[in-house]
Every structure is written in C-alpha cells, then in structure tokens.
Amino acid sequence: MKANYDVVVIGGGPAGSSAAALTAAAGHSTLLIEREAMPRFHIGESLMPEVYWPLQRLGVVDRMEELGFQKKLSVQFVTNSGKESSPFYFKQHDPRECSSTWQVERARFDQMLFERAAELGADCYDQTRLLDVEIDDQDRATGIRVRDAQGQEHTISSRVVVDATGLQSFIANKLGLKEINPDLKKAAIWGYWKNARRDEGENEGATIIMQTEKKDSWFWFIPLSNGITSIGCVGNNDYMLKQGLKPDAKYEHELSICPGLQERLKDAEFQGEIRVAKEFSYTTKRHAGEGWVMIGDAFGFIDPIYSSGVYFALETGVRAADAITEGFAKDDLSGAQLARWADDFKDGSSWIRKLVHAYYTNEFSFGRFMKAHPHHTGNLTDLLIGRIFHDQAGAIFDDMDEAIEAAKRDAMSM
C-alpha cells in the first residue's frame, strides 16, 4: 500500500470495484479497500437486466456465464390472495442477449469484480478499515486514514476519494448530507431454503414478489444456484421489528400469512440462520465536493423491491469513473465535475422510486391498472428491466398517478 494515489476507493462492493477498475484501466494509480475479508456475504442477489452494460464495460459478461449463476429471464407478482400475475418475460420486450440477467450469490459476484479491479491495475486490499476521510476547511478531500489487516495505521493522500461505503455512507454522515425518506422506513428479515418449488421452463429463475394477506409486508423469492432460494420479508420497520416478536418468530408468522409461499415451501428445508437488515430509504443532499464523490448506496438507497441496488451501484461506479478520468484530463476535480453525471442518474432512478411508492399504495392494484392500460406493458417492462435513462421512461406515470388517486378516493368513500 503506497502513501499516495491518484484515486482511493472505499468499499469493495459492485460500486467501488467498478469505479476502481475503470480509473485504474485509464492509467490512474488507484487504491481499493474493503473492510471485510473477501469473499464476504452480502444481500442484494437479484440483478436487473440493464446490468449487462456496465458488466460488458468491465469485460466480465463471459465470466458471469462461467460462474454458473442462475439465469433470470422474468419477474412475477403474487397478490395477497395468492393470485399470480403472468410473468413479465424480458425477451418478449427485447430479444437481445442484454434482456436476460442473473440471480447471484453476492460473495462470488463481488469477489469477481474485486479481482477484476486488481487485473486492471488497482491495488486492492481487503480487511482494511477506514478510520477517516480527511476533508479540509475548503471542503476538499485530501486522503484517508486506514487500519490494515495487521493492525497498522496508514495515512494515504490522494487527489480523489470515492465513497462506496454502502449503507454506512461515510462522507454523507460525516458532513450531515443524508436525508431519510420517512415514507420508506423498512426492515427486512430473510433466510435461505433448500428445494423450494420453482416454476418450470423460462420462469424457473424468476424473481417473484408476493404480498401477505393484509399487505402489511411482502416477500421476495429469489432462486439461486444449487437449489437454494433466498426468501425475505420486507415491511415497515415498526411492524417488522417492534411487534413483540423476535425476528425468527416474526419471519415464521409472516410466512404463514403469505398465500403465494405455501405450496412453494411444502417440501423445502430452511438453511442456516435468520438475517435482519434495516432498509432505510435515503438520499444525499450533495453527492460530491472538491476531490470526493459518493457512489452506490453511499449516494442513496431506494428500496429492495425492484432489485435496482446492484445495477445502480455498477452504473454509478462506471459514471463516476468516467467523470474522474475526464476531470484528470481537464485538471478539474471539482464537485461539479466529479458529479456531472448525478442529475441524469437521479432523473432516471426517480422513476424506480415512483414505482416503489405505487407498490406500497395498498389501495392501488397493478393488475387492474395494466388491464385498463395494456398499452403501458412495454413501459412497465422497461422499468423492471432498468431501462430508465431515456425521455419516455416515465410515460406510464401520467395514467398511473391518476389511477392511484382514484383508487385512494374510492377507498375513502367505502
């Protein structure tokens, strides 16, 4: 580990590894640090099809095939009564290779990206804990302090610090930039099952979203390789964690009131332990300053429901790397330059945020809406794919917003 780098990247997840890989490939001395030993467990296993493009940019699409991850060709929704929607098959909307994707074990996936950053020239160290990001009184980042795997502390100077610390969002917390979304204070309880029943054929690897009976929570059903399925429950934080039940008991209770899961778990066996995470949705008021920029979950987090997290991590990592490289070429490492991509990214991701809020509006039914507006099927599929960075990405919401308000009025009049 050297004492000086052009770029230091904090966090070895998809955001950090992609940014480090591409700044190193562009010829900038780059340090990538991760606090845990790689490979390490992480949630966020279902990928949107649009991850194809940043993975292609990183040169790892063939490796995704070699690693044998479960293919994901569709998504499906199940109502609180157990009624299943028709699967949304991505290839029916776009038959290209980029319309299929994967369900991944994040330990293997993140390890591959971490190793790719090293291949492209980054100095990569795991078991290295960030102690501080050094920011002077002009709001300029000058470097970081870390503790390595041997317990030695290092002060490392750099021209750019990239915060990819995930939900820890180190710089946002340090500078008071985090803004919590009070309407999306969620928590997740999940675990892994062996031999949960999957559909046959092309829907075998589908992510399935299932509501519980009173719509107080919903389950994800994510088929992984080797017969293992990730099954998790998400609901309001207070409902999930402050109802007088321990997480394992709460998980069992929610399973019992989820009609869509009953047959799928009939012959399944729970594996390992129950896991818990608080999924607080938040944004950041500012995303960069002189010599520093935030990416991935450090930039912001919406919700796990549409599996946007890994795609957004990769996309922000690639975009930030390009802005950094351009900034070095222009001798401009200002916040405006390092976050020149942020407004466009926020515009696109805002459509996923609106789709999340629509799902959590209990009075609203996606099924009824799509029956009334079948011409929006392609637009909705675009959103589920992650194809959101174009002018017509939000076209569905003119009608959907009206339908949501009508559903609320109807519910109030009953």
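It should be noted that the structure appears before, not after, this text.
A brief report on the enclosed structure follows. (Residues numbered from 1 in each chain as written. Predicted model: local features only at pLDDT ≥ 70, side-chain atom pairs only at ≥ 80, totals over all residues. Heavy atoms only, no water.)

### As for the overall build of the protein chain
Helix and strand content of the protein chain: 14 helices and 17 strands. Expressed as lengths along the three principal axes of its C-alpha atoms, the size of the protein chain is roughly 65 × 45 × 45 Å. Split into buried and exposed, the 414 residues of the protein chain put 54% on the buried side. Sequence separation of at least 24 residues holds for 73% of the intrachain contacts in the protein chain that already meet a minimum separation of 6. Total accessible area on the protein chain is roughly 17500 Å²; 46% of this is exposed by carbon and sulfur atoms. Averaging the locations of the 47 positively and 62 negatively charged side chains of the protein chain gives two centres separated by 3 Å. (Helix = DSSP H or I, 4+ residues; strand = E, 2+ residues; numbered from the N terminus. Buried < 20%, exposed > 50% of the residue type's maximum accessible area, 1.4 Å probe, protein only. Contact = heavy atoms within 4.5 Å. Areas by Shrake-Rupley, 256 points an atom, 1.4 Å probe, with all protein chains shown as cover. Lys, Arg positive; Asp, Glu negative; His and termini not counted. Charge placed at Lys NZ, Arg CZ, Asp CG, Glu CD.)

### Description of the pattern of salt bridges
Overall, the coordinates contain 30 salt bridges when judged by the stated rule. Between Arg 40 and Asp 110 there is a salt bridge whose closest N-O contact spans 2.6 Å. Placement of the pair is Arg 40 in the loop between β2 (30-33) and α2 (52-58) and Asp 110 in helix α5 (residues 106-119), with a sequence separation of 70 residues. Note on accessibility: Arg 40 and Asp 110 belong to one class, buried. Note that Arg 264 and Glu 84 form a salt bridge whose closest N and O atoms lie 3.4 Å from each other. Of this pair, Arg 264 sits in the loop between α8 (247-256) and β15 (269-284) while Glu 84 sits in the loop between β4 (74-78) and β5 (88-89); the two residues are 180 residues apart in sequence, bridging distant segments of the chain. Using a relative accessible area of 1% as the deciding quantity, one classes Arg 264 as buried. (Salt bridge = Lys/Arg side-chain N within 4 Å of Asp/Glu carboxyl O.)

### A look at the nonpolar core
Leu 55, Phe 109, Tyr 306 and Met 400 are the most contacted members of the largest nonpolar core, which totals 90 residues. A total of 11 residues in this core trace back to one element, the largest contributor, which is helix α9 (residues 309-330). Discounting residues that sit within four places of it in the chain, Tyr 306 has contacts with Met 48, Phe 77, Ile 352, Leu 355, Val 356, Tyr 359, Phe 366 and Leu 384. With 21 residues, the next largest nonpolar core counts Ile 189, Phe 221, Tyr 251 and Ala 268 among its residues. (Core = buried A, V, L, I, M, F, W, Y, C linked by side-chain atoms within 4.5 Å.)

### Structural notes on the environment of Met 38
Within the secondary structure, Met 38 is located in the loop between β2 and α2. Note: C-alpha distance between Met 38 and Leu 67 (29 residues apart in sequence) is 17 Å. The residues contacting Met 38, other than those within four sequence positions of it, are Gly 12, Asp 110, Gln 111, Phe 114 and Asp 126.

### A short note on α8
Of all the positions in α8, only Lys 250, Tyr 251, Glu 254 and Leu 255 are classed as buried. Along the long axis of α8, the arc covered by the buried residues comes to 140°, so they all point the same way. Buried-residue contacts for α8 involve β11 (178-194), β13 (217-223), β14 (228-236), α7 (237-241) and β15. (Arc of directions from axis to C-beta.)

### Thoughts on the packing of aromatic side chains
Scanning the model with the defined rule gives 21 aromatic pairs in all. Joined through ring pairs, the aromatic side chains of Phe 299, Tyr 311, Phe 312, Trp 341, Phe 345 and Phe 389 make up one cluster. Above the face of the Tyr 282 ring, Lys 178 is positioned so that its terminal group lies 4.3 Å from the ring centre. A cation over an aromatic ring shows up here: Arg 275 above the ring of Phe 41, its NZ or CZ 3.8 Å from the ring centre. (Phe/Tyr/Trp six-rings, centres within 6.5 Å; stacked < 30°, edge-to-face > 60°. Lys NZ or Arg CZ within 6 Å of the ring centre and 35° of its normal.)

### A look at the side chain of Ser 349
Relative to the assigned elements, Ser 349 resides in helix α11 (residues 342-359). With a relative accessible area of 9%, Ser 349 lands in the buried category. For Ser 349, the contacting residues outside a window of four places in its chain are Ile 302, Phe 312, Ile 388 and Phe 389.

### Section: the sheet that holds β5
Within the open sheet, the 7 strands sit side by side as β5-β4-β12-β13-β14-β11-β15. Their pairing is mixed. The sheet terminates laterally at β5 and β15, the two strands that pair on one side only. In this sheet, β14 lies alongside β13 in antiparallel orientation, the contact comprising 7 bridges. Paired with Pro 223 across the two strands is Thr 229, which belongs to β14. Packed onto the sheet, α8 meets β11, β13, β14 and β15 and runs at close to 80° relative to β11. (Pairing = 2+ DSSP bridges. Axes fitted to C-alpha atoms, helices over the stretch in contact; angles between N-to-C directions.)

### Quick look at the environment of Leu 55
Inspection of the secondary structure assignment puts Leu 55 in helix α2. If sequence neighbours within four positions are ignored, Leu 55 has contacts with Val 60, Val 61, Met 64, Trp 102, Phe 109, Leu 113 and Leu 314.

Read these as geometric descriptors, not functional statements.
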